[in-house]
Amino acid sequence: MDNRKINDIEKYKKRVHLMFSELDIKAALREINALAPELIITELITSGLRGRGGAGFPTGKKWEMVSEAEGTEKYIVCNADEGEPGTFKDREILQKQAAKVLLGMTACSKAVGARKGFIYLRGEYSYMRKDLSAQIEAFHKLLNDFKIDFSIELRMGSGAYVCGEETSLLESLEGRRGEARNKPPYPVTEGFMGKPTVVNNVETLVYAVYIILEGTDSFIQMGTKSSRGAKVFCVSGDTPVPGIYELELGMKLSDFVDLFGDDDTKAVQVGGVSGYCVPRKNFSKTIIGFEGVPTGGSMMLFNSSRSMYNVLHDYLEFFSEESCGQCTPCRIGCQQLLKGIEQVKRGTKHSSYLDNLREIAETMSIASKCGLGQSVAHPFISTTDYFKEEIIY
Amino acid sequence: MNTDIQEIISKTGTERNRLLPVMQEVISRNNYLSETAMRDIAKAFDISAAEVYGVATFYSFIDVSRLGRNVIRICKTISCDLKGKTDIINAIEKHLRIKLGETTPDQKFTFLQTNCIGWCHQSPAMIINDKVYTELTPEKAIVALEEWE
Amino acid sequence: MQDKVHITINSKEFDVDKDLTILDAARINGINIPTLCHHADLGIAGNCRMCLVDISGSHLLQPACATVVTEGVEIQTNTRRVRQTRKELISLLMSEHDTNCLRCPKNGNCELQDLAAEYGVDGNDYIQLSADYTIDISSPAIIKDDSKCIRCQRCVRTCEELQGVNALAVVNKGGELRISTFLDKPLHYVVCTNCGQCVNRCPTGALTEKNYVADVWNAIDDPSKHVVVQTAPAVRIALGESLGYPAGERVTGKMVSALRGLGFDKVFDTNFTADLTIMEEGTELLMRLKHALTGEGKSHGALPQFSSCSPGWIKYLEHEYPDLLNHLSTCKSPQQMFGTLAKTYYADIAGIDPADITVVSIMPCTAKKFEAQRPEMTDSGFRDVDYVLTTRELGHMIKEAGIDFDSLEDSSCDSLLGAHTGAAVLFGATGGVMEAALRTAWEIVTGREIPFTNLDVTPVRGMAGVKSAAIKIENALPAWSFLEGVELKVAVAHGLANVKTVLQLMKKGEADYHFIEFMACPGGCLGGGGQPIRTTPEIRQSRMDAVYAEDNALPIRKSHLNPEVLHIYKDFLGEPCGEKSHHLLHTSYTARGKY
């Protein structure tokens, strides 16, 4: 690790330490338990917290919708199916601050009136299972002490990226193939077993706890108007300081590259393989956040030694395998894009065939059933836009 | 019915939403779902065997053909690719004298690739059974193999 | 107006029921939206994406089949991006599809081909994603060709929702996703009942019946063969659809003429053996009742007695509930009774060596192809039925022979195995076997006609999935005095999912019926897996109306009054369920694995 770089990062004005700070869980639970559900929801809405998994739906609004949904049987699902390449924050949070996540789920259960919650942990993290189960058990004792009628069950995924999509996750949780559902209805009205369900990312739940305990003011002071608060970033690729860093949202990508780059960064893939490729020339005009380029945490840096053809090929291979395959545009589109760039590269298709491929990508973005297929166009179009030469030659 | 499955089901029950946990438990004991296991699960859950097979084949970590005692899954996704997973693969293939996707003749190892396992900052990475190995070099990878019986 | 919402489609305003999908709302108002995975009989999948439309305020296109109308929604079905997206989707599907349409059995009746033509897509826009698919020809009834599959999952939903069998499932994911069976075993080695409902709903040529037309032409063209043909009751009310007539058109007389035109030596009728089945199965029921109520006579099986005409249903029971096989009537199906009699009774009278007789069946059914090949179906000393063609295959033969069907005169079947009653025709519809059996059994027991206006046993008619009736027996004839005061309870179920419901009730002891008619296919044989494609609830209703009209139009409507049936008992069989019948007309069953 580059100590000078680390030092710069620690001194950076938008560097924060909320996620991994110490917290007296018992005291926090006591405080949360004393709050009125409406108050929790109001606080969250005021805070402007948006989902940290990538899609960015307002968290308070989601909780409100479930609290207002008809029926008494409701569920909380913590989405720990962290499959987006370049993302590893949820693992770190659950390894280091699981109690905060459980606290967040409990706050949510109180706000919406749920008695049962699930953590859906990706199968790739099965080594965490034992420890997490023990923490859940300990937490259940605490809940019992406070006579809180809420329980949390740990469920494992089994290797399927698409299950990070919330309706796919619910299908999987119900014991089926993780194929996305038609929306509407959304999980807030028909989720797990058809009951109103909050599905929140691991990180989101912890920030919710922070807001509920600390109030909205300090959270609102961080970030920007449409991207309040901070975020845990996962830095990988060509960087001297790979790892996890909590930073305020809304920073310029050029600042980010200054801090984390290796002085030779030619592109950053913001938001994982389903995110956007930003080339060097756009670093200074790109804001990391919902008003610019959003990310679920993944920040992958590429330096000039990298072939963007190989990078894009990697992505497309990933999508071809990880698409659930049920809908036409995504199942076939991913394969066509992959085979298409291969043939353009080999010269068996003319370079103008890239335009046909872009049409496929655009169709996928408006015609696919779920976020997976809809987002393949992001890396495809941005990478072929900015690195066309590398793709062709 | 297979006693293993009977025992697993006695703990989980046979509500449909327990299907994955049951499969996962079988996998953790046997590394794969055998034809008999799938039939038994189908019977217990009162669903068709085809349906069990359909669910199983959706998930990369649920295998329906026999694997070795230890399963190596090396990450093939972008960060690990950038940081030299190919060298690691070559080293392991050479050491075990098998190709990706194959099982050693003594059934000790099956060598598979998998998509991102969430260790991009410490790539290249692999999982053997449920232990993670990160920042691999060809040498470290071979040492890792020696941990397993 | 509370149940209506106000919507706009293509700038026209409509008030529609609030729970309609956009697709239904559009279709009701004459606006066509193309579909592939959608099917009127099945749940919503929303996976082909053909029905995408533009909705105000949405960047994403929305699937019309899966989106319910909301107040004030503005829908556009014909924007530039909608058209381009559809075109793109068809291109993509074609790139995954074996586009050698001329070699496809569904050439000319393929929903993907139709759309490709409508949208001017030739299938050459993108890289052909050819995979090495093997064609599964293991089943004697159904061929599965994955190279033609568009993954719409209609077949999977059919097998699950309508049939409760789940022999087919979606396996793998991503580019590897396929429709397959347990461990990708050939269809013949899994729980498939050969019902062919998936074939009826497959939009392309991925699932088709195994075609025996060439074998039949060979037999017809072979001068040493005496080729006789039988047609099932449900063929005559649906064949017209294959030849350009609207659903529900009865073409019985023309069909007989066409069969003669094709060169069959004798044109007989499965209806004859349907009447015979009633005699045998009705007698068997009375014997089971007698044994159950008086302890007299030998046991002929358990009550309730299950009907045994539907080979899909039989295979289902053999797989799923082998412990209930003793409830099945031992009567062969009418098709198989016919085969046996053609090569014994008829051969004898006509003086033809049965070895030279080829029996061809025209059936609304794919499972009949399997039934004819069951090893036990050789009581004549030969394969009782040689070839089974579906209604669809007969339609092809008629076209291939250049017969101008419309101009044909009506004609009647040949005698000996050709006479039939209205009761036999009823076999084509759900509840028909029951109605025919009741008309006869009631009269045997009481000496009077069954007390329903015009003999129409309405409680067992109609499309309800499970139907039941109870009739109290009064003033029984002396021979049947043990039935006096007994309330005869019967039930009818069609579509294997409904069958399963009844069997599960029975297992719980909540189905105390005496006789249950089970049919594998929705609607009974009229909705069989060998009927003209396509099928919808409306089409099946039209066919059902035709069945009852056909029954009503016949002079004799009770099986026990069929003169040729009376004749065969007198001259050949002796008595119903007698020794000869037992040998030739009854059969046994095989317990099969559940998976």
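Residues numbered from 1 in each chain as written. Chains lettered and ligands numbered in written order. Predicted model: local features only at pLDDT ≥ 70, side-chain atom pairs only at ≥ 80, totals over all residues. Heavy atoms only, no water.

Each helix and strand in chain C was counted, giving 19 helices and 18 strands. In terms of overall size, chain C behaves like a compact globule, its C-alpha atoms giving a radius of gyration of 25 Å where 595 residues would be expected to give roughly 25 Å. In terms of principal-axis extent, the alpha carbons of chain C reach across some 80 × 60 × 50 Å. Out of the 595 residues belonging to chain C, those deemed buried represent 63%. When contacts within chain C are restricted to residue pairs at least 6 apart in sequence, those whose partners lie at least 24 apart make up 75%. Carbon together with sulfur atoms contributes 50% to the accessible area of chain C, which is approximately 21200 Å² in total. A distance of 4 Å separates the average location of the 58 positive side-chain charges in chain C from that of its 75 negative side-chain charges. (Helix = DSSP H or I, 4+ residues; strand = E, 2+ residues; numbered from the N terminus. Rg over C-alpha atoms; globule rule 2.2 N^0.38 Å. Buried < 20%, exposed > 50% of the residue type's maximum accessible area, 1.4 Å probe, protein only. Contact = heavy atoms within 4.5 Å. Areas by Shrake-Rupley, 256 points an atom, 1.4 Å probe, with all protein chains shown as cover. Lys, Arg positive; Asp, Glu negative; His and termini not counted. Charge placed at Lys NZ, Arg CZ, Asp CG, Glu CD.)

If you look at the interface, chain B gives 33 residues, while chain A gives 50 residues. For the pair chain B and chain A, the summed buried area comes to about 3300 Å², and 53% of that belongs to carbon and sulfur atoms. Ranking the residues of chain B by area buried against chain A places B:F58, B:I78 and B:H121 at the top, with a combined share of 20%. Here chain B and chain A share 3 salt bridges between them. Between A:E317 and B:K76 there is a salt bridge; the shortest N-O distance is 4.0 Å. Counting the contacts that link chain B with chain A gives 23 residue pairs in polar contact (both at pLDDT 80 or more). The set of elements that each furnish at least two residues to the side of chain B that touches chain A consists of α2 (19-30), α4 (49-56) and α5 (78-82) of chain B. Its residues assigned to classes, the side of chain B that touches chain A shows 16 nonpolar, 10 polar and 7 charged. (Buried area = accessible area lost by both parts, 1.4 Å probe. Salt bridge = Lys/Arg side-chain N within 4 Å of Asp/Glu carboxyl O. Polar contact = N/O pair within 3.5 Å; in protein donor to acceptor, adjacent residues only side chain to side chain. Nonpolar A, V, L, I, M, F, W, Y, C, P; charged D, E, K, R; others polar.)

What follows deals with helix α2 (residues 80-95) of chain C. If you check α2(C), its first and last C-alpha atoms are 22 Å apart, about what 16 residues at 1.5 Å a residue would give, namely 22 Å. Where α2(C) is concerned, the buried positions are C:V82, C:T85, C:R86, C:E88, C:L89, C:I90, C:S91, C:L92, C:L93, C:M94 and C:S95. In this structure, the buried side of α2(C) is in contact with α12 (328-346) and α13 (353-367) of chain A together with β3 (52-55), β5 (74-76) and α3 (111-118) of chain C. (Expected span 1.5 Å × (residues − 1).)

As a further point, take the environment of C:T590. All names here are of chain C. Within the fold, T590 resides in the segment after α19 (579-585). Given the relative accessible area of 35%, T590 is considered partly exposed. If sequence neighbours within four positions are ignored, T590 has contacts with E318, L325 and R374.

On to the confidence of the model for chain B, then. Mean pLDDT over chain B works out to 95, with 100% of the residues at or above the 70 mark. When pLDDT is averaged over each element of chain B, α4(B) comes out on top at 98 and helix α1 (residues 3-12) of chain B at the bottom at 91. (pLDDT = per-residue confidence, 0-100.)

Residue and element names in this part refer to chain A. Running from N to C, helix α3 (residues 37-47) and helix α5 (residues 89-112) point in directions that differ by 115°, and their axes come no closer than 7 Å. Seen along the crossing, α3 lies across α5 with a hand that is left-handed. Judged by residue contacts, P37, I40 and I41 of α3 engage A107, K110 and A111 from α5. In terms of residue class, the contact of α3 with α5 is made up of 5 nonpolar, no polar and 1 charged. (Axes fitted to C-alpha atoms, helices over the stretch in contact; angles between N-to-C directions. Left-handed = near helix turned anticlockwise from the far one by under 90°.)

Moving on: the pattern of salt bridges. The full count for this structure, using the stated rule, is 75 salt bridges over all chains. Among the ionic pairs, B:E7 bridges to B:K11, the shortest N-O distance being 3.1 Å. Placement of both B:E7 and B:K11 in helix α1 is noted, with a separation of 4 residues, approximately one turn of the helix. Taking the shortest distance from any N to any O, the salt bridge between C:R557 and C:D456 comes out at 3.0 Å. With a gap of 101 residues between them, C:R557 in the loop between α17 (537-553) and α18 (563-573) and C:D456 in the loop between α15 (432-446) and β16 (466-472) connect regions that are remote in the sequence. The pair formed by C:R557 and C:D456 is uniform in burial state, with each residue classed as buried.

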